[in-house]
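Descriptive analysis of the structure
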Amino acid sequence: MIPGRGGLAAVLGWAILVLAGCSTAVSGAPVAAPVAPPNATESITQSLVNLGESSTVRYQGTLSSASDDDVTFDVTAAQTGEIAGSFTLDGKAATVLVVNKTTYLKAGADFWATLSGVANSQGKGAAVADRWVKVPTSLIGVEFGDVFTPDVLGQNLAKGADKAGTKPIAEGERAKVGEVPTVKVTTGGGSVYVTEAAPHGVVKVEMDKVGRSDTTSVKKLVATVADGSAEIAKFYQDVSAQAAELTAPIDVLTTVTEGTHNFDGCGAASCSIIVQFTNPGKVAVRVSVRGTWQGDNAPLGVCDATAGPVGPGAAGSAKCTLATPQWVSFFQRANSVPGNHPYSVEWSTVVLADAPDLAQLTARAAAKPADASAAKSDGSHFVYSIGYSDAEHQRRIWKYGVVAGKFWRDHADQQVMTCLRSTGSGCAVTLVTATGDAASAQGLVHQLVEAYKAEHKECPKGQWVGCKR
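Cut-off values and rules
Residues numbered from 1 in each chain as written. Predicted model: local features only at pLDDT ≥ 70, side-chain atom pairs only at ≥ 80, totals over all residues. Heavy atoms only, no water. Pairing = 2+ DSSP bridges. Helix = DSSP H or I, 4+ residues; strand = E, 2+ residues; numbered from the N terminus. Expected span 1.5 Å × (residues − 1). Buried < 20%, exposed > 50% of the residue type's maximum accessible area, 1.4 Å probe, protein only. Polar contact = N/O pair within 3.5 Å; in protein donor to acceptor, adjacent residues only side chain to side chain. Core = buried A, V, L, I, M, F, W, Y, C linked by side-chain atoms within 4.5 Å. Contact = heavy atoms within 4.5 Å. pLDDT = per-residue confidence, 0-100. Axes fitted to C-alpha atoms, helices over the stretch in contact; angles between N-to-C directions.

To continue, consider the pairing of strand S1 (residues 56-64). In terms of strand pairing, S1 meets strand S2 (residues 70-78) through nine bridges, oriented antiparallel. By the bridge assignment, Leu63 is partnered in S2 with Val71. The hairpin turn running from S1 into S2, its antiparallel successor, is five residues long, and Asp68 in that turn takes a positive phi close to 70 degrees.

So, on to helix H2 (residues 40-53). End to end, H2 covers 20 Å across 14 residues, agreeing with the expected 20 Å (1.5 Å per residue, within 8%). Every buried residue of H2 is listed here: Ala40, Thr41, Ser43, Ile44, Gln46, Ser47, Leu48, Val49, Asn50, Leu51, Gly52 and Glu53. Put simply, Asn39 is the residue that caps the front of H2, since its side-chain oxygen is 3.1 Å from the backbone nitrogen of Thr41.

This part takes up the nonpolar core. Grouped together as the largest cluster of nonpolar side chains are 54 residues, with contacts concentrated most on Tyr59, Phe73, Phe87, Phe111, Phe144 and Phe148. Residues contacting Phe87, with those up to four places away along its chain left out, are Val71, Thr72, Phe73, Lys92, Ala93, Ala94, Val96, Leu105, Phe111, Ile140 and Phe144. Judged by nonpolar contacts, the second largest core, of 22 residues, contains Cys271, Val285, Val287 and Val345.

Here we come to the confidence of the model for the protein. Of all residues in the protein, 91% attain a pLDDT of 70 or more, and the chain-wide mean is 90. Element-level pLDDT for the protein is lowest in helix H1 (residues 2-21), with a mean of 34, against a maximum mean of 98 in S1. Residue range residues 1-23 is modelled with pLDDT below 50. Its contacts to residues more than four positions away, or to other chains, number zero contacts.

Moving on to the sheet that holds strand S20 (residues 395-404). Across the sheet, three strands lie side by side as S20-S19-S21; this open sheet has antiparallel pairing. Both outer strands of the open sheet, S20 and strand S21 (427-435), are each paired with one neighbouring strand and no more. On average, each strand axis in the sheet is inclined to that of its neighbour by 25 degrees, with strand direction left out of account. Sheet topology note: the strand S19 (residues 381-389)/S20 ladder contains nine bridges and is antiparallel. Bridge assignment links Val383 to a residue of S20, and that residue is Val402. Running over the sheet, helix H11 (residues 416-423) touches S19, S20 and S21 and is turned about 130 degrees from S21. Those strands touched by helix H12 (residues 438-456) are S19, S20 and S21, and its axis lies near 165 degrees from that of S20.

Right under this line is the structure:
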């Protein structure tokens, strides 16, 4: 019986040796591996993603138009395509408004009188002065949407972002934009000046050329950049109010053939001029006549009249009546003071374009922030958050964002690595909600950022949109 016991002991001993040999236990405590900070390429790519997500951006600067005219500008562009502001073209000022991807300008007579390409341009300056005019962008050599829409500009600058290099962005070229310390980063699309401090918000851009067509691609663009997302509701309301003036914009590329004219019914209270014209086009048009009157070499006022629609090849007329206090005084003087009292009117015809459909803009002006508590997964715009754990293992938000389109997660996921490198902590994307309205999505992001600031007394670490520092 003893040998049996010895055999059993040997087997057990072998089993113990085998189990000991398979052990994966390692002595000591786990230590987290250090995470390298973002390099310049990663940082500038994230900065341009943030720029592209901005609800509105204000740009001030200079450029050279496609026709080599010098342009200065001060415009605010929305992610949804609306643009409002002012610019000068070779020193002549104009107000610009872009609605439904159509450009409208309001400018003085000097702006229009020298702008080549306007139909029957002789004498048109006074006729369209200080009135909203629908213009093809090739006429002024600038397609504002192709240049200034935030995501378009961000994408153009992000081309060749790898040129920024693999060193930390803090080691880049220092420069000041106004009083703001910045780092200048060069990409394949141009030069970008970002704040020294994270999240490295864009404050200035320089581009040799930007645009999609030869007739509207601008050159030598230099612009300061300011995020206006915190005031997105006011922007839509202001643009909506301004766009309400576009009831009868002028179409400067279409014209009618002017005919005879004659005065009519000139008396103590008023005087009229009747203008004849013919529509040589293939579609019906509405025609506006404006007359600028003088009497005894002094201004008497302006008359306006509208006629139509006038069918293709058809004749039409418009009666433009002046009934101003100046005319009344002139008529009384002419009938009481001996001598000649000449009066005249300089008139011109213009064709009117259709008023734009403002339903979508009006809805944006009245939009309320989307409801984060009633989360949805379907829509045209997606509000997301990227979160991480802080040193106390508390979950924090790195940034909130909004993006259009069903591939929103791909857009958000590409930022996770930069979040990891910036925070040294694992980061994750969460869908807050989806909505079918861009303004509601943008309003919610603003609301979420403000709530975070109220709770933590600071912006989310990766937040540029809607977060002034």
